[in-house]
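Take a look at the letters that make up each chain.
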Amino acid sequence: IKNIRKSMNTIVRGTQWGDEGKGKIVDLLAMESDAVVRFQGGNNAGHTIVVDGRTYKLHLIPSGILYPGKICVLGNGLVIDPEALIWEIEEIKKYGHSVENLYISELAHVIMPYHKSMDALEEKIKGGKKIGTTLRGIGPCYTDKVSRTGIRVGELLDKSVLEERLSEIIPLKEKIFSAFGEKWEFDLEYIVKKYVEYGQILKPHITDTSLLLNKLISEKKSLLLEGAQGTFLGIDHGTYPFVTSSSTVSGNACCGSGIGPRKIDKVIGVAKAYTTRVGSGEFPAELENEIGQKLRDNGHEYGTTTGRPRRCGWLDLVMIKTAIMLNSFDEIVITKLDVLSGINPIKICVAYERD
């Protein structure tokens, strides 16, 4: 950690399906960085950090917030639930930490009440083939972003703009629910009022974060860029369709934060000494036996956000090698080696066989 050059800009990415221990690594690297930037995802993921015996479960705010003076940025690539973010801010302040240096991109998209409802409805319709989402509205919010019907953080600061946008969007949402035989009536006036209130609470933190980050780079400050989930939960290169709704590879760090690729100096991958996965989807090295359960128990493999038990299996080097290719890692951090203690023999997946 001490060898990180002061003006070096570093990306940290997970090499598996998330839950590799990125939060701990980001927390350590943040000590030698000037700013920590989150560039994708939403509050469907989380970092668990223990400081002075107190456990913090962060879902949106970068872990650097616990260090005095560090600049923390929520980039334009995020989808943000304002209620969840405000709760997280209050929790951090409650334990004596400042949020003065927290900045939120005005271009990040906002999770609205109808996004959570749509998330639940889509999973209900899929039945046995459901993705296993966290039901926090992440996917529907990214869907609206792509279909150009999303609400951005900056729009929460202007009541007339927000009211005009929502008066067009909400009738469309009600028609969609109706088409699926569900009656959902959203109160336009209530939503506008509530989200304008959220905007006023968050106003001191909302800014053009791309401009801020590029200014920091010009001043030779060091940036640490972190994302949620791991390589194989990404929408582009993950185990589709059992993936999240944003791109989780290192290339998206630039797009989701608003800085150019030539300004990145190092990419670090984080891998667990075994493999875990939450939710549905392929898992070639999965152990559905007592060894898998031992890994789960020894590693406390339960989701930070959902509390769901994680599926466990051997280390999969096919995945790791592919992640190295996709992310251009310079270094890899291995976490949770101690969880393998007492397991003999330890196995590693080096290839797949089909048919």
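Please read all numbers here as calculations on a predicted model, not as lab measurements.

## Focus: the overall build of the protein
Then comes step 1: Secondary structure summary: the protein contains 10 helices and 16 strands in total.
Then comes step 2: Here the C-alpha radius of gyration of the protein, 20 Å, is about what a compact globule of 355 residues would show, namely 20 Å.
Then comes step 3: The buried share of the protein, reckoned over its 355 residues, is 53%.
Then comes step 4: Partitioning the intrachain contacts of the protein with sequence separation of at least 6 by distance along the chain shows that 78% fall at a separation of at least 24.
Then comes step 5: Total accessible area computed for the protein in this model is approximately 16800 Å², and 53% of it derives from carbon and sulfur atoms.
Then comes step 6: Seen as two clouds, the 46 positive and the 45 negative side-chain charges of the protein have centres 3 Å apart.

## Notes on the nonpolar core
Then comes step 1: Ranked by size, the top nonpolar core spans 40 residues in total, and within it Ile-65, Ile-80, Leu-85, Ile-151 and Leu-166 carry the most contacts.
Then comes step 2: Looking at this core, the elements that each hand over two or more residues are strand 4 (54-58), strand 5 (71-74), helix 2 (82-94), strand 7 (102-105), helix 3 (113-126), helix 5 (159-179) and helix 6 (188-202).
Then comes step 3: A per-element tally of this core places helix 6 first, with 6 residues.
Then comes step 4: Not counting residues up to four positions away in its chain, the partners in contact with Leu-85 are Leu-60, Ile-61, Leu-74, Ile-80, Ile-104 and Leu-202.
Then comes step 5: Membership of the second largest hydrophobic core comes to 35 residues, among which are Val-73, Phe-232, Val-267 and Trp-314.

## A few points about helix 5
Then comes step 1: The end-to-end C-alpha separation of helix 5 is 30 Å, in line with the 30 Å expected for 21 residues at 1.5 Å each.
Then comes step 2: Within the span of helix 5, buried status applies to Leu-162, Arg-165, Leu-166, Ile-169, Ile-170, Lys-173 and Phe-177.
Then comes step 3: Residues of helix 5 that are buried in the fold lie against helix 3, helix 4 (138-146) and helix 6.
Then comes step 4: In the segment just after helix 5, Gly-181 is the residue with positive phi, at about 75 degrees.

## What about the pairing of strand 4?
Then comes step 1: Pairing between strand 3 (residues 47-51) and strand 4: 5 bridges, direction antiparallel. Paired with Val-51 across the strands is Arg-54, a residue of strand 4.
Then comes step 2: Where strand 3 folds back on strand 4, the antiparallel hairpin that results is connected by 2 residues, among which Asp-52 adopts a positive phi of roughly 50 degrees.

Conventions adopted
Residues numbered from 1 in each chain as written. Predicted model: local features only at pLDDT ≥ 70, side-chain atom pairs only at ≥ 80, totals over all residues. Heavy atoms only, no water. Helix = DSSP H or I, 4+ residues; strand = E, 2+ residues; numbered from the N terminus. Rg over C-alpha atoms; globule rule 2.2 N^0.38 Å. Buried < 20%, exposed > 50% of the residue type's maximum accessible area, 1.4 Å probe, protein only. Contact = heavy atoms within 4.5 Å. Areas by Shrake-Rupley, 256 points an atom, 1.4 Å probe, with all protein chains shown as cover. Lys, Arg positive; Asp, Glu negative; His and termini not counted. Charge placed at Lys NZ, Arg CZ, Asp CG, Glu CD. Core = buried A, V, L, I, M, F, W, Y, C linked by side-chain atoms within 4.5 Å. Expected span 1.5 Å × (residues − 1). Pairing = 2+ DSSP bridges.

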